[in-house]
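Listed below, chain by chain, are the residues.
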Amino acid sequence: MIYDNLKNIGKYHFDNENMEKAIAFLTSNDLLNMEQKRYEIVKDEVYINLLEINQMLLSERDYEAHNLFADIHIPVEGMDFIRSTETSNLEVTVPYNENADVFFGSYEENAYTDSYIPVGYFGLYFPEDAHLVNGTKNEPGKIKKYVVKIKVK
């Protein structure tokens, strides 16, 4: 998991062609001021979804994890909140869906990281990083964010 200011994303380099393509797109485009829509960078391997979400309390959410894709969460409006832990910590509640590359699980122990992600920042989650998204520890609100999906395996 990486949390940083969006202006610093070009400082990160990965031994993965799709990650490099995603970073190149993000450093050469001002995503926060571009038309808010879906962007296809590499068909079925690197794309950006625009999501509008009504947050729920953490107790109402499960962690999600992926086997093939990494996610970069970039808020456009509102304060995003993501809790992450190692995927191996999860007790699976919904088995892996190969078509969606996602499974869900719960984790009640204390080996996790909480990230408040404001506009202008990002959170990067690899397949080994289970992440509890669209929840909040505070009063639920509405957020709008981009999620960059990057096939890394």
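Notes on the structure in this doc start here.

A closer look at the packing of aromatic side chains
Moving on, step 1. Throughout the structure, instances matching the rule amount to nine aromatic pairs.
Moving on, step 2. Taking 6.2 Å as the distance between ring centres and 85° as the angle between the ring planes, the aromatic pair formed by Y12 and F122 counts as edge-to-face. Here the residue Y12 occupies a position in the loop between β1 (2-5) and α1 (17-28), and F122 occupies one in strand β11 (residues 121-125), the gap between them amounting to 110 residues.
Moving on, step 3. With a relative accessible area of 23%, Y12 lands in the partly exposed category.
Moving on, step 4. Looking at F122, the relative accessible area reads 1%, which means it is buried.
Moving on, step 5. Geometrically, the ring pair formed by Y63 and Y107 is edge-to-face, given 6.5 Å between the ring centres and 70° between the ring planes.

Let's talk about the nonpolar core
Moving on, step 1. Among the nonpolar cores identified, the biggest contains 23 residues, and L26, L31, I72, I74, F122, L124 and V148 are the most heavily contacted of them.
Moving on, step 2. Every element with two or more residues in this core is listed here: α1, β2 (39-42), β3 (46-54), β6 (69-77), β11 and β14 (142-151).
Moving on, step 3. Looking at which element gives the most residues to this core, the answer is α1, with five residues.
Moving on, step 4. Discounting chain neighbours no more than four positions away, the residues touching V148 are A22, L26, Y47, I48, A70, D71, I72 and I74.

Some details on the pattern of salt bridges
Moving on, step 1. Tallied over the entire structure, the rule returns nine salt bridges.
Moving on, step 2. With a shortest N-O distance of 2.6 Å, R83 and D114 are connected by a salt bridge. Of the two residues, R83 sits in strand β7 (residues 80-86) while D114 sits in strand β10 (residues 113-117), which places them 31 residues apart along the sequence.
Moving on, step 3. The exposure class assigned to D114 is partly exposed, which follows from its relative accessible area of 25%.
Moving on, step 4. One connected set of salt bridges, linked through shared partners, spans E52, E77, K142 and K144.

Thoughts on the sheet that holds β2
Moving on, step 1. Within the open sheet, the six strands sit side by side as β1-β11-β6-β14-β3-β2. Their pairing is antiparallel. Strands at the two margins of the open sheet, each flanked by one partner only, are β1 and β2. Averaged over all neighbouring strand pairs, the angle between strand axes comes to 25°, with direction disregarded.
Moving on, step 2. Across eight bridges, the pairing between β6 and β14 is antiparallel. Across the sheet, the residue bridging to H73 is V147, located in β14.
Moving on, step 3. Taken strand by strand, α1 contacts β2, β3, β6, β11 and β14, and its axis lies near 140° from that of β14.

Considering unusual backbone geometry
Leave glycine aside and you will find that most residues have negative phi; peptide bonds, for their part, are mostly trans.
Moving on, step 1. Of note, the phi angle at D44 is positive, near 65°, even though the residue is not glycine.
Moving on, step 2. Structurally, the position occupied by D44 is in the loop between β2 and β3.
Moving on, step 3. For N134, which is not a glycine, the phi torsion comes out positive at approximately 65°.
Moving on, step 4. Judged by its relative accessible area of 15%, N134 falls in the buried class.

A few points about the pairing of strand β12 (residues 129-132)
Moving on, step 1. Side chains D129 and H131 project from β12 onto one buried face, and the interleaved A130 and L132 project onto a second face that is buried too.
Moving on, step 2. Relative to β12, β7 runs antiparallel, the two being bridged by four bridges. Paired with E86 across the two strands is D129, which belongs to β12.

Cut-off values and rules
- Residue numbers run consecutively from 1 along every chain, following the written order of its sequence.
- This being a predicted model, a pLDDT of at least 70 is required before a residue's local features are given, and a value of 80 or more before pairs of side-chain atoms are given or counted; all residues contribute to the totals for chains, interfaces and linings.
- Think of the side-chain values as coming from all heavy atoms in the structure, minus any hydrogens and water.
- Stacked, tilted and edge-to-face are the three classes applied to pairs of Phe, Tyr and Trp rings, where Trp contributes its six-membered ring and a pair requires centres within 6.5 Å; stacked means planes under 30 degrees apart, edge-to-face means over 60, and tilted covers the rest.
- Put simply, DSSP H or I for four residues or longer makes a helix, DSSP E for two residues or longer makes a strand, and each gets a number counted from the N terminus.
- Only protein chains enter the accessibility calculation, which uses a 1.4 Å probe; a residue is then buried when its area is under 20% of its type maximum, exposed when over 50%, and partly exposed in between.
- We define the nonpolar core as a collection of buried residues of types Ala, Val, Leu, Ile, Met, Phe, Trp, Tyr and Cys that are connected through side-chain atoms lying within 4.5 Å of one another.
- Note on contacts: a residue pair qualifies if any of its non-hydrogen atoms lie within 4.5 Å across the two residues.
- The term salt bridge refers to a side-chain nitrogen of Lys or Arg lying within 4 Å of a carboxyl oxygen of Asp or Glu.
- DSSP bridges decide pairing: two strands pair if at least two such bridges lie between them.
- Simply put, an axis is a line fit to the C-alpha atoms, just over the touching stretch for a helix, and the angle between two N-to-C directions goes from 0 to 180 degrees.

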